[in-house]
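Summary of structural features
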Amino acid sequence: MRVYLGSDHAGFDLKEHLVTWLKEQGHEVVDAGPAALDPADDYPPFVLRAAEGVAGDPGALGVVLGGSGNGEQIAANKVKGVRAALAWSEETARLAREHNDANVLSLGARMHTAEEATSFVAVFLATPYSGEERHSRRIGMLSRYEESGELPPLP
């Protein structure tokens, strides 16, 4: 599987760890940066490129990283076609894929050990979307809103 990664300085070391781990697992890695640790960098240039890569590459998934993962999730979700989810456990990583068909995982490098974060990524990549009607219906509502800006009707 092709996996796009992007981070900022706070997520840099974890990104580098995940690049190595993903390659060892046989994945094709696209590293959107940063290429070097810069304590003054900003996450949007790197995260948006990773998210655009995922949006333009059907079947690919992405991982974005920062200190908390919050800003990175927000940035990734600005890209049309991206459903980014912030994970803080294996269960939230699994549900992001299973129920939300998330295609980008956001992680807080200051919130988890490298081992924990790696396990979240492993679960995210291994979990298929359930395809259940109720989840597809909700994702469809969000996709239509993203396209048209029209709110879904109230029940």
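Residues numbered from 1 in each chain as written. Predicted model: local features only at pLDDT ≥ 70, side-chain atom pairs only at ≥ 80, totals over all residues. Heavy atoms only, no water.

A few points about the overall build of the protein
What counts here: Secondary structure follows DSSP: runs of H or I at least 4 residues long count as helices, runs of E at least 2 residues long count as strands, and numbering of each begins at the N terminus. The globule rule is 2.2 Å times the number of residues to the power 0.38, and the radius of gyration it is compared with is taken over C-alpha atoms. A simple rule labels every residue: compare its accessible area, found with a 1.4 Å probe on the protein chains alone, to the largest value its type can have, and call it buried under 20%, exposed over 50%, or partly exposed in between. Using the Shrake-Rupley algorithm and a 1.4 Å probe, accessible areas are obtained, with residue cover drawn only from the displayed protein chains.
The number of helices and strands found in the protein is six helices and five strands. When the helices and strands of the protein are listed from N to C terminus, the series reads β-α-β-α-β-α-β-α-β-α-α. Its C-alpha atoms give the protein a radius of gyration of 15 Å, near enough to 15 Å, the size a compact globule of 155 residues would have. The dimensions of the protein, computed from C-alpha atoms along their principal axes, are 50 × 30 × 25 Å. Within the protein, the fraction of its 155 residues that count as buried is 45%. A total accessible area of about 8,100 Å² is found for the protein, and carbon and sulfur atoms account for 54% of it.

A short note on the packing of aromatic side chains
Selection criterion: Each Phe, Tyr or Trp ring, with Trp reduced to its six-membered ring, pairs with another whose centre is within 6.5 Å; inter-plane angles below 30 degrees give stacked pairs, above 60 give edge-to-face pairs, and intermediate values give tilted ones. Cation placement over rings: the criterion is NZ of Lys or CZ of Arg within 6 Å of the ring centroid and within 35° of the ring normal.
Going through the model one piece at a time under the given rule, you end up with zero aromatic pairs. Taking the ring centre of Phe-124 as reference, the NZ or CZ of Arg-97 above it sits at 5.9 Å.

Observations regarding helix α5 (residues 114–126)
What counts is decided by this rule: In this analysis, the expected span of each helix is defined as 1.5 Å times one less than the number of residues it contains.
In a regular helix each residue adds 1.5 Å, so 13 residues correspond to 18 Å; α5 covers 18 Å between its end C-alpha atoms and thus fits that length. Three or more residues of α5 are buried, namely Ala-117, Thr-118, Ser-119, Phe-120, Val-121, Val-123, Phe-124 and Leu-125.

Section: the UniProt feature "binding site: D-ribulose 5-phosphate" (unreviewed entry) in the protein
Inclusion rule: UniProt positions are given in the numbering used here, feature names are shortened, and annotations may be inferred rather than shown by experiment. It only takes one pair of heavy atoms within 4.5 Å for two residues to be counted as in contact. For this analysis, a polar contact is any N or O atom pair within 3.5 Å, provided that within protein one partner can donate a hydrogen and the other can accept it, and provided that sequence-adjacent residues contribute only side-chain to side-chain pairs.
Look at the UniProt record and you will see "binding site: D-ribulose 5-phosphate" (unreviewed entry) annotated at Asp-8, His-9, Gly-67, Ser-68, Gly-69, Asn-70, Gly-71, Asn-100, Arg-110, Arg-134 and Arg-138. A maximum C-alpha distance of 38.6 Å shows the annotated residues, which cover 131 residues in sequence, to be distributed over more than one spot. Examined against the element boundaries, Asp-8 turns out to sit in the loop between β1 (2–7) and α1 (12–24). Leaving out residues up to four positions away in the same chain, Asp-8 has contacts with Pro-34, Asp-41, Asp-42, Tyr-43, Leu-65, Gly-66, Gly-67 and Glu-72. At 3.0 Å, the side chain of Asp-8 and the backbone nitrogen of Ala-10 are in polar contact. Assignment of secondary structure puts Arg-138 in helix α6 (residues 133–148).

Concerning α6
Put simply, the rule reads: What the arc describes is the spread of directions from the helix axis to the C-beta atoms.
With 16 residues, α6 extends 22 Å from end C-alpha to end C-alpha; this agrees with the ideal 22 Å at 1.5 Å per step. Those residues of α6 lying buried are His-135, Ile-139 and Gly-140. All buried residues of α6 project into a common sector of 135° when viewed along the axis, lining one side. Opposite its buried face, α6 presents the exposed residues Glu-133, Arg-144 and Ser-148, each directed more than 90 degrees away. On its buried side, α6 packs onto α4 (90–98).

A look at the pattern of salt bridges
Inclusion rule: A side-chain nitrogen of Lys or Arg and a carboxyl oxygen of Asp or Glu constitute a salt bridge if their distance falls within 4 Å.
Per the counting criterion, the structure on display carries eleven salt bridges. Between Asp-57 and Arg-2 there is a salt bridge, with the nearest N and O atoms lying 2.4 Å from each other. Here Asp-57, found in the loop between α2 (44–55) and β3 (61–66), pairs with Arg-2, found in strand β1; they are 55 residues apart in sequence, far enough to count as distant. Judged by its relative accessible area of 12%, Asp-57 is buried. Classification of Arg-2 by relative accessible area gives partly exposed; the value is 29%. We note a salt bridge from Asp-101 to Arg-97, for which the minimum N-O separation is 3.1 Å. Taken together, the shared-partner salt bridges in this structure form one network comprising Arg-2, Glu-28 and Asp-57.

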